[in-house]
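Notes for the structure review
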Amino acid sequence: MKSDIEISRSATLKNISEIAAELKIPSEKVKPFGHYKAKLPLDLINEEKVQQSNMILVTAMTPTKAGIGKTTTSVGLTLGLNKIGKKSIVALREPSLGPCFGMKGGAAGGGYAQVLPMEEINLHFTGDFHAITSAHNTITALLDNYQFQHQGTDKQLKEIVWKRVLDVNDRSLRFIVSGLGGNTNGVANETGFDITPASEIMAVFCLSKDYVDLRKRIDSIILGYDANREPFRVKDLKIGGAIVVLLKEALEPNLVQTTENTPAIIHGGPFANIAHGCNSLIATKMAMSLSDYVITEAGFGADLGAEKFLNIKCRMGGIYPKATVMVVTSQALKLHGEVEEKEIKKPNLEGIKKGLRNLEKHLDNLKRLGQKVVISFNQYYFDTDEELKYMRQWAEEKGHVLAINNSFVEGGKGALELAEKVVNVIENDASKGVEFTYKNDDSIQDKLNAIVQKVYGGKRAVLSKKAFLNSKRIARLGLEHFPICIAKTQYSFTDDPKNPGHDGNFEIEIRELIINEGAGFIVAVAGEIMRMPGLPKEPQALHIDMVDGQIEGLS
C-alpha cells in the first residue's frame with residue numbers, strides 16, 4: 001500500500017470554491033488561501049441549524065505509542081456517511097508543529113481517509129497557530145514593558161503568572177530567567193515557555209463564540225498579582241483590542257477537503273493532556289450550520305479528551321453529541337493486555353481479552369456521561385478472523401454496538417458498516433444530552449474528586465501544598481464555579497504512565513491549580529506532566545526533507 005504522503009499526492013483535489021459551492025456557501029463569503037484552502041466568516045453560523053444537526057464525537061480507549069487512529073476514523077466515518085447519502089462534514093483540530101517534528105510526523109488522518117492538502121495542513125496551514133503564538137507573546141512583551149516602566153513603584157506587580165509560548169517541543173525552555181544583563185534589558189524574572197497548544201490564548205480562541213466574546217475573554221486573562229494580592233488582567237494593560245486585531249483572521253475557520261473531496265473544517269488545536277483537547281466551538285457550530293451530520297474528535301483517550309469535550313465544551317457551547325464513537329485497535333487491546341510491544345502484531349486472543357478491561361472502563365464512563373456509543377474496531381492487515389469474530393461476539397454478548405472499520409485501506413467504502421450503525425443509533429437511540437460529572441457550584445476539591453472517582457476510577461484527588469494555596473486563591477476570587485481541566489499523562493487512568501490504574505487503587509496528585517479566567521476553566525496539573533514537551537531520542541525531524549521539490553517524512 002502507498003504511504004500517506006503518496007496517497008495524498010495522488011488524490012485529485014477540487015478547487016476550494018467548488019467545495020464551498022457544494023455546501024451552498026455564497027462565493028463572496030469564501031476567502032481563498034491558494035487553490036485548496038479557505039477561511040469562512042463567522043456569520044455562516046446559524047444557531048437554529050446547529051440545534052437541528054447531528055454531532056458525532058469520536059474518542060478512543062487509552063492510547064498507546066502504537067497509535068489508535070481517531071482522526072483516520074473521523075475522516076473515514078465522514079466519507080462513509082456521505083456514501084450512504086448523509087450530508088456530512090468532519091471538524092478537526094489543526095496539527096501542532098511540535099508533535100509533527102517530534103514523534104507523530106503529522107495529524108491529518110491516514111491512508112485513504114485523510115484531510116488535504118496534507119503537507120500544508122501539517123505545516124504552517126493558514127497561519128492560525130502563528131497568530132496565537134504572536135498574540136500570546138505580544139501580551140508577554142507588553143507585560144514585561146509594564147514591569148520595566150513601573151519598577152520600584154507601587155504599580156509593579158509582585159507576582160507574574162504569564163509565560164511565553166512556542167509551537168515546538170523544547171524541554172530546555174520550560175524554566176528560564178529573562179531580563180538578564182542589567183537594567184537596560186528589562187526586569188530579571190524567572191519564567192519559561194509552554195507549547196502553543198497549552199496557551200490560554202488557544203483555549204480562549206477555541207471556546208469563544210464570536211469577536212465580542214473573544215475580546216471579553218482576552219480582557220479577563222490573569223497575568224499576575226499586585227502587592228495587595230489582587231489579580232492584574234489583560235484589561236488592566238489596556239491592550240485587549242490589539243490582541244483581538246492579531247487574531248482577527250485566525251478566528252475564522254478553515255475549509256479544506258478529504259481524499260474523496262468531501263468538506264472538512266479544521267480550526268484550533270489544544271492538546272487533551274495539557275488543555276481541553278477539542279477544535280474550536282466556532283468551527284463545530286459552523287459545520288453544524290452547514291451539514292446534517294458533523295463528526296468531530298477529542299484528543300487522546302475518553303478519560304481526557306471526551307471528558308473535557310463533554311464537561312467543558314458542551315457545557316459552555318450548549319451542544320452535545322447524538323452519538324459517540326469509541327475507537328479501538330487490536331494493538332491497543334494487546335498492549336493493555338500486557339502483551340510485549342514487539343509481539344502486538346502477532347495473533348494473541350488472550351491478550352485482546354485481557355485488554356478489554358481498559359475498553360470497558362471507557363465505555364462505562366461514557367455511559368455515565370449520558371452517551372450512546374458505537375465501537376469502531378479499526379482493522380489492520382494482521383488482525384485474524386478469529387480476533388474479529390471474537391470482538392463481534394463480545395460486543396453482542398455485552399449489548400454494545402460494534403462495527404469493523406477499514407477506511408484506512410478503502411476510504412469511505414471501508415466505513416460503510418460504521419456509518420450505518422452510527423445513523424441507526426442517532427435515528428433510534430440518540431443521546432439526549434450530557435450528564436455532567438460535577439455541578440458548577442461544587443467546590444474545586446469536589447470537582448476533582450468527581451473526575452478521579454467517576455472517570456479515572458481512582459480513590460481521590462490529593463492537593464499539594466501549592467495546589468491547596470491555589471484553591472484558596474480561586475475561592476477568594478469567586479471562581480470556584482469554573483469547570484476543571486486536568487492536565488495529566490494520556491497513557492494511563494492515573495498520573496503515572498507506568499501504572500494503568502485498572503485496579504482503581506490510586507490517588508491523583510494535583511501539583512498546581514492554574515486559573516484560566518479568560519478560557520473559563522481551572523487547569524489542574526497532575527503528576528509529572530509538562531506543558532512544554534521534550535523531543536524523543538530520534539525526532540521525526542530527522543526524517544523530514546525536501547526531495548526534488550517534494551516534502552518527505554510527513555505522515
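A short tour of the structure in this document, coming up. (Residues numbered from 1 in each chain as written. Predicted model: local features only at pLDDT ≥ 70, side-chain atom pairs only at ≥ 80, totals over all residues. Heavy atoms only, no water.)

**Let's talk about the overall build of the chain**
Each helix and strand counted, the chain has 20 helices and 25 strands in total. In terms of overall size, the chain behaves like a compact globule, its C-alpha atoms giving a radius of gyration of 23 Å where 555 residues would be expected to give roughly 24 Å. Across its three principal directions, the C-alpha atoms of the chain cover 75 × 55 × 50 Å. Taken across its 555 residues, the chain has 60% of its residues classed as buried. Within the chain, counting contacts between residues at least 6 apart in sequence, those at least 24 apart form 75% of the total. (Helix = DSSP H or I, 4+ residues; strand = E, 2+ residues; numbered from the N terminus. Rg over C-alpha atoms; globule rule 2.2 N^0.38 Å. Buried < 20%, exposed > 50% of the residue type's maximum accessible area, 1.4 Å probe, protein only. Contact = heavy atoms within 4.5 Å.)

**A short note on the layout of surface pockets**
A water-sized probe, rolled over the atoms, reveals where empty space remains. Approximately 950 Å³ is the volume attributed to the second largest pocket. Lining the second largest pocket are 33 residues, and of these Val161, Lys163, Lys466, Glu512 and Ile514 lie nearest its centre. Of all the secondary structure elements, the ones that give two or more residues to the lining of the second largest pocket are β7 (159–160), β10 (189–191), β11 (193–195), β12 (222–225), α20 (465–476) and β22 (508–516). Ranked by residues supplied to the lining of the second largest pocket, first place goes to β22 with six residues. (1 Å grid on protein atoms, 1.4 Å probe; cavity = no way out; pocket = protein on both sides within 12 Å on 5 of 7 lines; lining within 4 Å. Points joined across faces, edges and corners; volume = space filled by probe spheres on them.)

**Observations regarding the pattern of salt bridges**
Counting across every chain of the model gives 30 salt bridges. Residues Glu360 and Lys398 are paired through a salt bridge, measuring 3.9 Å at the closest nitrogen-oxygen approach. Note that Glu360 is positioned in helix α15 (residues 349–368) and Lys398 in helix α16 (residues 385–398), a separation of 38 residues in sequence. Overall, Glu360 belongs to the partly exposed group, its relative accessible area being 26%. One salt bridge connects Lys466 with Glu512, and the closest N-O pair in it is separated by 3.6 Å. Here the residue Lys466 occupies a position in helix α20, and Glu512 occupies one in strand β22, the gap between them amounting to 46 residues. Taking the relative accessible area as the measure of exposure, Lys466 reaches 46% and is therefore partly exposed. Since its relative accessible area comes to 25%, Glu512 is described here as partly exposed. (Salt bridge = Lys/Arg side-chain N within 4 Å of Asp/Glu carboxyl O.)

**Quick look at helix α12 (residues 281–290)**
Because each turn of an α-helix spans 3.6 residues, side chains separated by three or four positions in sequence point in the same direction. The element α12 is largely enclosed, with a buried count of ten among its ten residues. Three or more residues of α12 are buried, namely Leu281, Ile282, Ala283, Thr284, Lys285, Met286, Ala287, Met288, Ser289 and Leu290.

**Some points on the sheet that holds strand β13 (residues 231–233)**
If you trace the three strands from one edge of the open sheet to the other, you get β7-β12-β13, paired in antiparallel fashion. Only two strands of the sheet have a single partner each, and these edge strands are β7 and β13. Sheet topology places β12 next to β13; three bridges connect them, and they run antiparallel. Within β13, the position partnered with Tyr225 by the bridge is Pro231. (Pairing = 2+ DSSP bridges.)

**Considerations on helix α11 (residues 240–247)**
Buried residues of α11: Gly240, Ile243, Val244 and Leu247, and no others. Down the axis of α11, the buried set is contained in an arc of 100°. They therefore lie on one face. Where α11 is buried, its residues meet α7 (128–149), α8 (200–207), α9 (211–219) and α10 (234–237). (Arc of directions from axis to C-beta.)

**Here we look at empty space enclosed by the protein**
If you walk through the whole model with that rule in mind, you get two cavities of 30 Å³ or more. Roughly 70 Å³ of volume is contained in the largest cavity. Along the wall of the largest cavity there are 13 residues; nearest its centre are Glu94, Pro95, Leu123, His124 and Phe129. The dominant element in the lining of the largest cavity, judged by the number of residues it contributes, is α7, at three residues. Among the residues making up the lining of the largest cavity, the classes are represented as six nonpolar, four polar and three charged. Empty space within the second largest cavity amounts to approximately 30 Å³. Lining the second largest cavity we find Pro197, Ala198, Ser199, Glu200, Ala203, Ile274, Ala275, Asn516, Phe521, Val523 and Arg531. (Nonpolar A, V, L, I, M, F, W, Y, C, P; charged D, E, K, R; others polar.)

Functional significance is not addressed by these values, which are geometric in nature.
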